[in-house]
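One letter stands for each residue in the lines below.
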Amino acid sequence: MQTGPGLWRNGIKIGFIAGGVAVLISLIGMVEAFSQRFIIAEGITLGQTLLLAVGLFASHQAARRTPGPGAFGRLLNAVAAGLTAAAVLGIFIFLGSHLNLRKVFINASPILYKLLAFDRELGTGILLLLGTGAAGGILAGLFFLASPPLRGSLGAACGSLVGMGVLQDLLAPTFALWGPLAVINDWIYEVNGLSFGGAVFLLVLIGSATQLWRKEGPAIRNAFGRISPAKRKTLGLAGWLLVALLLLALPQILGLFLSEVLTIVGLYVLLGLGLNIVVGYAGLLDLGYVAVFAIGSYTIALLTSPELGFFNLSFWAALPFAILFGVLFGVLLGIPVLKMRGDYLAIATLGFGEIIRILVLSDFLRPWLGGAQGVGKIPKIAIGSLEFGTPQEIYYIILAGCLGVAYISWRLRDSRLGRAWMALREDEDVAQAMGINLVSTKLLAFATGAGFSALSGAIFATKLGSVYPHSFNVMISINILCVIIVGGMGSIPGVILGAVALVGLPELLREFAEYRLLVYGAVLVAMMLLRPEGLWPEAMRRRELHDKEPGGAEAEPASGPDRTG
Amino acid sequence: MNLKTWRERITVADFFMWVTGGAILLLIVWGSAATLASGRYQPHHWFDFLVFGLAQGSIYALIAMGYTMVYGILRMINFAHSEVFMGGPYTAYFVAAAFASSGFLDSHPVLSLAAIFAVSMAVSTLIAVLLERVAYRPLRNAPRLVPLITAIGASFFLQYTFRGLYGSGFQAYPVVKILEGQWLLGDFRILKFQAVVIVAAALLMAALYLFVQRTRVGKAIRAVSEDQEASSLMGIGIDRMIVTTFVIGGMSAGAAGVLYALMFKQVHFFMGFIPGIKAFTAAVLGGIGNIPGAMLGGIFLGLVESMGPSLFLDGLGIVAPYQLKDAIAFTMLVLVLIFRPTGLLGERLAVKKA
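Residues numbered from 1 in each chain as written. Chains lettered and ligands numbered in written order. Predicted model: local features only at pLDDT ≥ 70, side-chain atom pairs only at ≥ 80, totals over all residues.

## A few points about the overall build of chain A
Then step 1. In terms of helices and strands, chain A carries 23 helices and four strands.
Then step 2. Computed over the C-alpha atoms, the radius of gyration of chain A is 26 Å, within 12% of the 24 Å expected from 2.2 N^0.38 for a compact globule of 565 residues.
Then step 3. Principal-axis analysis of the C-alpha atoms gives chain A an extent of 75 × 55 × 55 Å.
Then step 4. Out of the 565 residues belonging to chain A, those deemed buried represent 46%. (Helix = DSSP H or I, 4+ residues; strand = E, 2+ residues; numbered from the N terminus. Rg over C-alpha atoms; globule rule 2.2 N^0.38 Å. Buried ≥ 20, exposed ≤ 12 C-beta atoms within 10 Å, placed from the backbone.)

As structure tokens, then:
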């Protein structure tokens, strides 16, 4: 075991990095923006949770990377990391209160320093901060030293506590709608955040529930395994029926605002499933995916809107054209990039996306496409006299679209074509040598993805009732890429999970909106470094990315980057 | 039989590409002829376009240097290079603004410009090196899409970090008085700042080229680009050479950023995106991995962009052709990729497939 400064060095180094991150988070305004939302009423805000999470993570890492087996050394290192991080933040507060940083950093306001110093005097605040850092270090160190089952329970409990606090705006109204459940609100929530009693109650409840599951889980699973196959099938069917019923009833349960969020998530699921074919299955990184989305929307607008008055078709008559044009453009844009490698392809498709947007925006095509003002008065979708106007109604159209597209993706995955795509993704040359026709296989991937995207664009156009060129910028392509990467490339449930996490959550957290792309960027980098296969990976891709590790899929995610060392 | 059908299909795609490319070329020729015949633009107009295009193009060329060198050594597109380009001048803006408000900028313009350049280059270099250390180094042997996606993520993270730090508005770069005004040569005029941009960029590129070609470090970088394993056996530190490449890329991007800010007189957190894609286009135009190619590609792209709208599109009767200049640049990229995928001067990559 090392002694002296060698033992501390790691902790202090990690602490400095964490302190830098904490200062950065404060300077870009996240702490202040998130301080309005209380996790625990009048106690802990989301901003404080964020900073605390940085400190705890740093201390945990410091404990993990301590050389030698000593528990005391680990604890010491964790405290060193926590203290250093707090000290860096303290120095920042001290400097900020005496110098005017605001000329450069717009978020370096007195309010921020006050928030960071716990609303106290400068000296007391910094002392409190140091104390929190040390306490956090001890907690994180103890957490690291705890037995794995206890660690799992504690992690799950704290995680769900933060989740319940953050999602109050979603959960409380939902509980309130349902008579008996409304009681829960009185138990755990105050006006703004969880009540203190509620937080303790939740911690105990979830902690003991996970402990119970750990003990009884295998027995329950065994019991399920002993059920006869026929019965299991019935149970499975019942499960699916339940899911279907839930999906159908969802807008009625959730109300108007949340249904609107659901429709946006649904559109991203549609887009994500399309891009999933191009990027996830075939491995063609397409950054101009939004172009086809725009083509789908504009086709619907051109064919249905009375404002332009060219055709005045109904949505259903125009939809086949939208998809057809989408597919056609997908193929046309695909042909020039057939021979390009991954990164060339990305830039060329990005260029295509921009060309389409610039053309739509230009005065040159204005008489036909409306220029910057876009096209309005797109009629609603109607079946007979039934009109789909409100988000709660459009939800069903999108749900139908998602189910259809998910089914097609699922069937395609194991088809001859799907396997050809995956072969292409793994190695183009080998795939070609195996007799796969690169041209048609690639073009079919572009065409299928484009078809899904055009469908999504068509629904998007009638949902908004108007289309603008600004809705189709490169950010959309990046968002969709994030959705499928976070969810897991090539994985259908992954796309849905990714859309809910990356599109649904930000819609619910208003203050999050400004930092959305920042977080997306960070998430992309973190995912690639720590868990490149995504949250809900497809089996084959997981094997591909972890093939060098003996443990395969079971290997700890954090060990991902080490193997390249 | 199988081979034959395969060959036939390839020809259909190729045929389509050639027809499209030919049609675009035809349109270009037709448009240019019509524009020139109409006589709407006088020679001094064209001279204005030429100088502007050269200035813009030399900035693209400087940025393209970073793309092409990183691609040469790591076989990846450093998508976040556009943010390396943005971060420097945006940070240096605050130095410039402080100089301007204290009057130092007017009393010591050369000294303050030097300081602005130094700050910008230092910040850009810092970003580039951090990027390499945090995001790219752990992924050196990862599957090909992984580093690219990381770079895209890093790009957006940096963009919005700077937005959070400095705000989302446009910041007007202070006016440097000695760079205002113009020189007249008969009918032709050269704006002073455009001349400065062209000269500064040319000097920097020459220095860079000599560095890579003549010095030991430059030689080592070229060796690592050629074959990493062999050069590490020859005693070259791969990591150090990769970091050096990022330092060079960062410095040239930082310098290009200040030139860009002096030319367009404003900075913004999103300012790197379009020039970044253009510079990558320039690198591809010249042949990626090829340093003189990047210079040529940048200047070519700058000229096409400044002259293209008036030359190609005006004659075709297109309204407001200047709005379509970015579309012209990207069409250029596609044309080059169709007709000459290795770029104007050819790729200089030992292993063609990354």
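## A short note on the domain arrangement of chain A
All names here are of chain A.
Then step 1. Segmentation of chain A into domains returns domain 1 (8-218) and domain 2 (243-547).
Then step 2. Once you take the C-alpha centre of each, domain 1 and domain 2 turn out to be 36 Å apart.
Then step 3. Taken together, the contacts link 12 residues of domain 1 with nine residues of domain 2.
Then step 4. Among the elements of the structure, helix 2 (30-34) and helix 8 (168-177) are those that each provide at least two residues to the side of domain 1 that touches domain 2.
Then step 5. Of the residues assigned to the side of domain 1 that touches domain 2, the class counts are eight nonpolar, two polar and two charged. (Domains from an automatic or database assignment. Contact = placed C-beta atoms within 7 Å. Nonpolar A, V, L, I, M, F, W, Y, C, P; charged D, E, K, R; others polar.)

## So, the pairing of strand 2 (residues 182-185) of chain B
Residue and element names in this part refer to chain B.
Then step 1. In this sheet, strand 3 (residues 188-191) lies alongside strand 2 in antiparallel orientation, the contact comprising four bridges. Counterpart to W183 in the pairing with strand 3 is I190.
Then step 2. Linking two consecutive strands that pair antiparallel, namely strand 2 and strand 3, is a turn of two residues; a positive phi of about 65° is found at G186 within it. (Pairing = 2+ DSSP bridges.)

## Points about unusual backbone geometry
Residues and elements named next belong to chain B.
Then step 1. Here the phi dihedral of R75 falls at roughly 60°; this positive angle occurs in a residue that is not glycine.
Then step 2. Tracing the chain through its elements places R75 in the loop between helix 2 (43-74) and helix 3 (81-102).
Then step 3. A residue is classified by how many C-beta atoms lie within 10 Å of it, and R75, with 19 of them, is partly exposed.
Then step 4. In this structure, K265 takes a positive phi of about 60° despite not being glycine.
Then step 5. Inspection of the secondary structure assignment puts K265 in the loop between helix 10 (238-264) and strand 4 (266-267).
Then step 6. According to the C-beta neighbour criterion, K265 is partly exposed, with 15 such atoms within 10 Å.

## Focus on the environment of A:Y468
Then step 1. With respect to the secondary-structure elements, A:Y468 resides in the loop between helix 19 (438-464) and helix 20 (474-487).
Then step 2. For the pair formed by A:Y468 and A:G376, sequence separation is 92 residues and the distance between their alpha carbons is 8.7 Å.

## Here's the deal with the interface of chain A and chain B
Then step 1. At the junction of the two partners, chain A supplies 49 residues and chain B supplies 52 residues.
Then step 2. Taken together, the elements giving at least two residues each to the side of chain A that touches chain B come down to helix 14 (342-361), helix 19, helix 20 and helix 22 (516-530) of chain A.
Then step 3. Broken down by class, the residue content of the side of chain A that touches chain B amounts to 34 nonpolar, 10 polar and five charged.

## Notes on the confidence of the model for chain A
Then step 1. In this model, chain A carries a mean pLDDT of 81, and residues with pLDDT of at least 70 account for 93%.
Then step 2. This model gives residues 549-565 of chain A a pLDDT under 50, and the stretch forms 22 contacts once residues within four places in sequence are excluded. (pLDDT = per-residue confidence, 0-100.)

## Focus: the packing of helix 3 (residues 46-64) of chain A against helix 6 (residues 122-145) of chain A
All names here are of chain A.
Then step 1. Where helix 3 meets helix 6, the closest approach of the two axes is 8 Å, and the angle between their N-to-C directions is 50°. When the axis of helix 3 is compared with that of helix 6, the two are oblique. Relative to helix 6, the crossing made by helix 3 is right-handed. Contacts between helix 3 and helix 6 pair L52, G55, L56, S59, H60, A63 and R64 from the former with G133, G136, G137, L139, A140, G141, F143 and F144 from the latter.
Then step 2. In terms of residue class, the contact of helix 3 with helix 6 is made up of seven nonpolar, seven polar and one charged. (Axes fitted to C-alpha atoms, helices over the stretch in contact; angles between N-to-C directions. Parallel < 35°, antiparallel > 145°, perpendicular 65-115°, else oblique. Left-handed = near helix turned anticlockwise from the far one by under 90°.)

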